[in-house]
Amino acid sequence: MLTEVVQLVLNGLMAGTILAVPAIGFTAIYAVLRFPNFSVASQVTIGAFAGYVANVTFGLPAPVAVAFAFLVAGFSGLVCDEFVLRPMRPAGPLAAAIAAVALTIVLENVVRFWFGNDLRGYDLPVLRDWRFAGLRVSPQQLENGVIAIIAMACLFGFLAFSRMGKAMRAVADNPMLASIKGIDSVAVGRLVSFVGMGLAGLGGMLLGLDTSIDPLTGFRAILTVFAAAVVGGLGSIPGAVVGALTIGVAEELSLLVLDPAYRSAVGFVAILLVLTLRPRGILGERAF
Amino acid sequence: MENYIVAMLVFAGLYGLMALGLNVVWGMAGMINLGLVGFFAFGAYVSALLTKVLGLPIWFGVVAGAAGAAAAGMVVAMVTAKLRGDYLAIVTLGFSEVIRITASNEIWLTNGTDGISGIPGPLRGQVTPEAFNLIFLALVAVVVAIVVFLLQRVRHAPYGRVLRAIRDDDQVAAVAGKTVIRFKVEAFALGCAVIGLSGALYGHYTSYIAPDGFVPLITIYIVLALTAGGTGNNYGAVVGSVLVVFFMESTRFLTEVVPGLQAVQVAALREMLIGGALIVIMRLRPGGLLPERLPRIDLPESNLPQEKKAT
């Protein structure tokens, strides 16, 4: 029993590490552009398929394909924001949110148009699970976790040390003050769209490496991504990491008492609980 | 062909009801509901189960479906009432997914992904299918007319004015002594009741409901219908729904013209058109075809201060 719980917690931490990547993308875009950009769902799918093309069609190894997923999803996110969502933002965050859902439908169907509805799997070496002290870890999961951690470390380095990263945090913190200081908020918006959606795409590929992908990959993951962002505190990047780990572990532990089909409902319950008890989330700012 | 047109008109009416419900939530009170398909499904399941399993009369099922959706809406709204609108967007979107997951997995109750078939409909089996179609169309038309009439009353009443005030600036409404949270929760529940009513009727019309029928795309249809028709305008909601059904059905014929596409590609193309249409309309004509016109309020001349009169 104890080993089982430890195994579930371990699985949850690894799943949470991967989940943190798209959750950071969602929350970072929220922090800077101040609207829930639901089109992360479609960029998760686009990243997963971009990685699939790089991995299966061009035969690149998974860690290289992941970079490709980041670039394609980031670029797609940037273009979509520039031409679809940015013009909508003056009408208010909710209008932009609605447009983002419409955008998700469009992009998801672009993927479906080219790839169909079939499930696809990546071209991966078959490896035996590692076992120690009665616990199982698959090398692939570990590799995914390491990629996720490297991506997050790069992001934290970028935000902490680079000029552009500092500008991004400044806009997120206080847009008015940032613009008085001469920070170009439009450029920062473009950058956060690129990086945020790139992370969503990278996360999409990491999610797909574990299982398989289809045009609905992103949409199925989205509830969990929201849950991670809201539990951690919408708009807080460290919060997204904490939230993702929490949701990852909670989802796995729910298997002890719930049917596996309800895993993604765990995220919803977590959202309701957090909004009722502590709306700003674990590390977030004011929520109203 | 006539049957097809009648069926499409019934769907236009059902979508119209949903658009009217969304208009209360989004058009009047300015709250977002990205999970309206979830409330639609909730109403459909409640009514289908009550009438089919418990054998209760259809009218009772429909009323219970609307009431159930309203109760669900009330809970969702209460959780997020104090928070920024973004949170309501996330929670409603999540709600519709959870409803779909539950409907797919609680097999003892909902028969899972196989869905519920044989839902009774008014006079179904006693008249020809053509006559049933026409009777149901008349029923839906009457329901839409009643709902439009009632919601117009709400819109012109002081209550509607408060909702608009909350939509435009809830702080000002609060300063004016309105209990913003109560109004928001009530408006959300009222809108969800209308959406649930539509769902209940949908089940009784098609006689079959399944989780596959309640996909997020339907939410987009309705948002498109309301935006195209005119957010805030009850007539616009109905007109927009007719247009959306017409548009959807014409794309069905349009894509038959494009040769060499597989079925899945045609389906993808149609969904792209729907999403694209919403984005284009929001960009180019955010007010819709029938933009909201605020009710005129004639103030008595003599009470106006002098300087106001001059301007």
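Residues numbered from 1 in each chain as written. Chains lettered and ligands numbered in written order. Predicted model: local features only at pLDDT ≥ 70, side-chain atom pairs only at ≥ 80, totals over all residues.

Colleague: For this particular structure, what's the right way to read the overall build of chain B?
Modeller: Regarding its fold elements, chain B presents 13 helices and two strands. The C-alpha radius of gyration computed for chain B amounts to 21 Å, which stays within 12% of the reference 19 Å derived for 311 residues, consistent with globular compactness. Its C-alpha atoms give chain B principal-axis dimensions of about 70 × 45 × 35 Å. The proportion of buried residues among the 311 residues of chain B is 47%. In chain B, 79% of the contacts between residues at least 6 apart in sequence involve partners at least 24 apart. (Helix = DSSP H or I, 4+ residues; strand = E, 2+ residues; numbered from the N terminus. Rg over C-alpha atoms; globule rule 2.2 N^0.38 Å. Buried ≥ 20, exposed ≤ 12 C-beta atoms within 10 Å, placed from the backbone. Contact = placed C-beta atoms within 7 Å.)

Colleague: What's the story with the overall build of chain A in this structure? I'm lost.
Modeller: Across its full length, chain A carries 11 helices and two strands. Element order for chain A, N to C, with α for helix and β for strand: α-α-α-α-β-β-α-α-α-α-α-α-α. Expected size for 288 residues packed as a compact globule is a radius of gyration near 19 Å; at 18 Å, chain A falls within 12% of this value. Each principal axis of the C-alpha distribution contributes one length, and for chain A these read about 60 × 45 × 35 Å. Every one of the 288 residues in chain A was classed for burial, and the buried ones make up 56%. In chain A, once contacts between residues fewer than 6 apart in sequence are set aside, the share between residues at least 24 apart is 76%.

Colleague: Would you mind going over the packing of helix 3 (residues 62-85) of chain A against helix 8 (residues 185-210) of chain A with me for this structure?
Modeller: The axes of two packed helices give the description: the angle between them and the distance between them. Residues and elements named next belong to chain A. Packing of helix 3 against helix 8 brings their axes to within 6 Å, and their N-to-C directions diverge by 140°. Here helix 8 runs oblique to helix 3, going by the angle between their axes. Judged by the sense of rotation from one axis to the other, the crossing of helix 3 with helix 8 is right-handed. (Axes fitted to C-alpha atoms, helices over the stretch in contact; angles between N-to-C directions. Parallel < 35°, antiparallel > 145°, perpendicular 65-115°, else oblique. Left-handed = near helix turned anticlockwise from the far one by under 90°.)

Colleague: Is there a simple way to think about the interface of chain A and chain B in this case?
Modeller: In this assembly, 40 residues from chain A lie in contact with 36 residues from chain B. At the level of secondary structure, the elements contributing two or more residues to the side of chain A that touches chain B comprise helix 4 (93-115), helix 9 (217-232) and helix 11 (263-277) of chain A. Residue contributions to the side of chain A that touches chain B peak at 15 residues, all from helix 4 of chain A. Across the side of chain A that touches chain B, the residue classes break down as 33 nonpolar, five polar and two charged. (Nonpolar A, V, L, I, M, F, W, Y, C, P; charged D, E, K, R; others polar.)

Colleague: How should the nonpolar core be read in this particular structure?
Modeller: A general tendency of soluble globular proteins is for nonpolar side chains to be buried together. Among the nonpolar cores identified, the biggest contains 199 residues, and Ala 20, Ala 69, Ala 99, Ala 228 and Ile 271 of chain A together with Tyr 15 of chain B are the most heavily contacted of them. Once residues lying within four places of it in the same chain are set aside, the contact partners of Tyr 15 of chain B are Tyr 221, Ile 222, Ala 225, Ser 241, Val 244 and Val 245 of chain B. (Core = buried A, V, L, I, M, F, W, Y, C linked by C-beta atoms within 7 Å.)

Colleague: Looking at this structure, how should I read the environment of Ala 138 of chain B?
Modeller: Residues and elements named next belong to chain B. Here Ala 138 shows up in helix 6 (residues 129-156). Taking the C-beta count within 10 Å as the criterion, Ala 138 has 11 such neighbours and is therefore assigned exposed. The sequence separation of Ala 138 and Gly 13 amounts to 125 residues, and the corresponding C-alpha distance is 10.0 Å.

Colleague: Before we go on, may I ask you to explain the UniProt feature "transmembrane region" (unreviewed entry) in chain A in this structure?
Modeller: All names here are of chain A. Under the feature "transmembrane region" (unreviewed entry), the UniProt entry names residues 12-33, 64-85, 94-115, 145-165, 186-209 and 221-249. For residues 12-33, helix accounts for 100% and strand for 0%, while the C-alpha atoms at its two ends are 30 Å apart. Its end C-alpha atoms 34 Å apart, residues 186-209 is made of 100% helix and 0% strand. (UniProt positions renumbered as here; feature names shortened; annotations may be inferred.)

Colleague: What should I look at first to understand unusual backbone geometry in this one?
Modeller: Excluding glycine, a negative phi dihedral is what most residues carry, and trans is how most peptide bonds are arranged. All names here are of chain B. Phi at Leu 123 takes a positive value of approximately 65°, unusual for a residue other than glycine. With respect to the element layout, Leu 123 can be found in the loop between strand 1 (116-117) and helix 6. Overall, Leu 123 belongs to the partly exposed group, with 13 C-beta atoms counted inside 10 Å. The residue Ser 207 is not glycine, and still its phi comes out positive at about 65°. Relative to the elements of secondary structure, Ser 207 occurs in the loop between helix 9 (180-206) and strand 2 (208-209). Residue Ser 207 is classed as partly exposed on the basis of its C-beta count, with 16 C-beta atoms lying within 10 Å.

Colleague: Just checking my understanding: could you explain the UniProt feature "transmembrane region" (unreviewed entry) in chain B for this structure?
Modeller: Here, UniProt's "transmembrane region" (unreviewed entry) annotation points to residues 6-25, 32-50, 56-80, 87-103, 131-151, 185-202 and 235-255 of chain B. Taken end to end, residues 131-151 of chain B is 100% helix and 0% strand, and its first and last C-alpha atoms sit 30 Å apart.

Colleague: Even after reading the chapter, I still don't get helix 1 (residues 2-33) of chain A, so can you show me in this structure?
Modeller: In an α-helix, one turn spans 3.6 residues; hence positions three or four apart end up facing the same way. Residue and element names in this part refer to chain A. For helix 1, spanning 32 residues, the distance from its first C-alpha to its last is 44 Å, which sits close to the expected 46 Å at 1.5 Å a residue. At Ala 20, helix 1 shows its strongest bend, of approximately 30°, with the proline Pro 22 following within four residues. One or two positions beyond helix 1, positive phi appears at Arg 34, with a value near 60°. (Expected span 1.5 Å × (residues − 1). Bend = angle between axes of the 7 residues up to and from the residue.)

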